[in-house]
Amino acid sequence: MVKFFSAALFLVSLVGTTLSQTSVATVESDISNISSQVTALNNAISRFTRTDLLGALNIHNDAVALVSTLNDATADVNGVPTPVAESDGQTILSDVQAFEPTIISALNNLVIKKPEFEAVPLAGILDLIRSDLNDLNAATSGFEGALINSAPADLVDDANAIKAAIDVAFANAIAAYATN
């Protein structure tokens, strides 16, 4: 009976360790998906012109999909034992740093393209963008918070710096679309 209990305890700890590693791998996969979606969204915004009604709707659909991915990724991060291992934290930080400029570019492009969106012959397009920005900001904030809460202590300052830069870009974009 003691041998069985010891073997069961060993298996439970082994499964727990495997699940933790899987969770970090899942978070890394989530970050890769987020990066791809942010790049696609930025490209769609960059290509957008006032005559591209379908492009405007595709940008909205891309934003909605990104919100869903961010929310799922936040749940995954919250499922990882904290803090994550130093090496995992470094990998996650590097992965996020790699696409931080793309996030900021997408938000800056939205500000630059506001006159193009204003010219779209579709009532409510600016309201839709405003709503998408607010939803993306909320989902991004949740994801940022989860990542910071799971980071090793020595990486928190770097993570907060990324968060601050992204938050400024969101604030600028939201302010640009605050009024029609």
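Residues numbered from 1 in each chain as written. Predicted model: local features only at pLDDT ≥ 70, side-chain atom pairs only at ≥ 80, totals over all residues. Heavy atoms only, no water.

## Brief notes about helix 3 (residues 86-112)
Point 1. End to end, helix 3 covers 39 Å across 27 residues, agreeing with the expected 39 Å (1.5 Å per residue, within 8%).
Point 2. At Phe-99, helix 3 shows its largest kink, close to 35°, and the proline Pro-101 lies no more than four residues downstream.
Point 3. Within the sequence span of helix 3, burial applies to Gly-89, Ile-92, Leu-93, Val-96, Phe-99, Glu-100, Thr-102, Ile-103, Ala-106, Leu-107, Asn-109 and Leu-110. (Helix = DSSP H or I, 4+ residues; strand = E, 2+ residues; numbered from the N terminus. Expected span 1.5 Å × (residues − 1). Bend = angle between axes of the 7 residues up to and from the residue. Buried < 20%, exposed > 50% of the residue type's maximum accessible area, 1.4 Å probe, protein only.)

## Here's the deal with the pattern of salt bridges
Point 1. Throughout the structure, instances matching the rule amount to 5 salt bridges.
Point 2. With a shortest N-O distance of 3.2 Å, Arg-50 and Glu-116 are connected by a salt bridge. Of this pair, Arg-50 sits in the loop between helix 1 (2-47) and helix 2 (53-78) while Glu-116 is found in helix 4 (residues 114-118), placing the two residues 66 residues apart along the sequence.
Point 3. For Glu-116, a relative accessible area of 22% puts it in the partly exposed group.
Point 4. Where Glu-144 meets Lys-163, a salt bridge forms, and the shortest distance between an N and an O atom there is 3.9 Å. Of this pair, Glu-144 sits in helix 5 (residues 125-150) while Lys-163 sits in helix 6 (residues 156-176), and the two are 19 residues apart along the sequence.
Point 5. Since its relative accessible area comes to 25%, Lys-163 is described here as partly exposed.
Point 6. Put simply, Glu-144, Lys-163 and Asp-167 are held in one network by salt bridges that share partners. (Salt bridge = Lys/Arg side-chain N within 4 Å of Asp/Glu carboxyl O.)

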